[in-house]
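# Structural overview for review
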Amino acid sequence: SSGINAEYGDLYRGVVWTPMSKGKKSAHNRLFYMGMQDQWYTFTLFNLQALWIARAIKGLQEIPPEAECHAEITQWTDRNQDAGCPYKAIQCQTDYVLKLAADTGCEGHFDMRECFYEWKKSKKDIVAYRDKAYRSPTTGTLAPIHQTPWFKLMDDSIDAYINAA
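Everything numeric here is computed off the predicted structure, so don't read it as measured data.

Moving on, we get to the pattern of salt bridges. Per the counting criterion, the structure on display carries five salt bridges. Across the pair lysine 24 and aspartate 10 runs a salt bridge whose closest N-O atoms are separated by 2.5 Å. With lysine 24 in the loop between strand E2 (16–17) and helix H1 (43–58) and aspartate 10 in the segment before strand E1 (11–12), this pair connects stretches of sequence that are 14 residues apart. Across the pair arginine 13 and aspartate 103 runs a salt bridge, and its minimum N-O distance is 2.1 Å. You can see arginine 13 sitting in the loop between E1 and E2 and its partner aspartate 103 sitting in helix H3 (residues 86–104), a full 90 residues away along the chain. Here arginine 13 and aspartate 103 have matching classes, each one buried. Here the salt bridges share partners, and the residues they tie into one network are Arg13, Glu72 and Asp103.

In structure tokens form, the structure reads like this:
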């Protein structure tokens, strides 16, 4: 499962320990986790979670009362359970990233779902997907296709890669 809370249903906004199960102790909003989700967004997700946590520690990010946290955790967990296919999981995590960006006031182009959809489609051939060219979401530039297929490229130095391109 690649959504927001996956097996971590005790995390408000995917980062604040807010136990919902009996027998688990509250840390009173002083215990945070990062990167607990199966990620599509990886570093973008880490960055936004870190910013969210830092803002919470500084008192700039509101953490609602426990009942509201539990309601949101339940909502995301239910949605995540419904995200069985990778495309729904990508959509779920996109919404999560956009929520963190909105919470923290972070501006930028964070909605990369179309890139992930394209990448997921191209991974049907697990060896050849690395030989495809992808467009930069930032500049719009299409990456050049390397002249040597990835599977045959045995020298992984930057010099060999750049000079062989």
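Now that the structure is up, let's keep going.
On the surface, Ile126, Val127, Trp150 and Phe151 cluster together to form a nonpolar patch covering roughly 390 Å² of accessible area. With respect to the helices, strands and loops of the structure, isoleucine 126 is situated in the loop between helix H4 (113–122) and helix H5 (158–164).

One can find glutamine 93 in helix H3. For glutamine 93, a relative accessible area of 0% corresponds to the buried category. One polar contact links the side chain of glutamine 93 to the main-chain amide nitrogen of tyrosine 41, over a distance of 3.2 Å.

Rules and cut-offs
- Residues numbered from 1 in each chain as written.
- Predicted model: local features only at pLDDT ≥ 70, side-chain atom pairs only at ≥ 80, totals over all residues.
- Heavy atoms only, no water.
- Salt bridge = Lys/Arg side-chain N within 4 Å of Asp/Glu carboxyl O.
- Helix = DSSP H or I, 4+ residues; strand = E, 2+ residues; numbered from the N terminus.
- Buried < 20%, exposed > 50% of the residue type's maximum accessible area, 1.4 Å probe, protein only.
- Patch = residues over 30% accessible without salt bridge, like charges linked within 9 Å, V, L, I, M, F, W, Y side chains within 5 Å.
- Areas by Shrake-Rupley, 256 points an atom, 1.4 Å probe, with all protein chains shown as cover.
- Polar contact = N/O pair within 3.5 Å; in protein donor to acceptor, adjacent residues only side chain to side chain.

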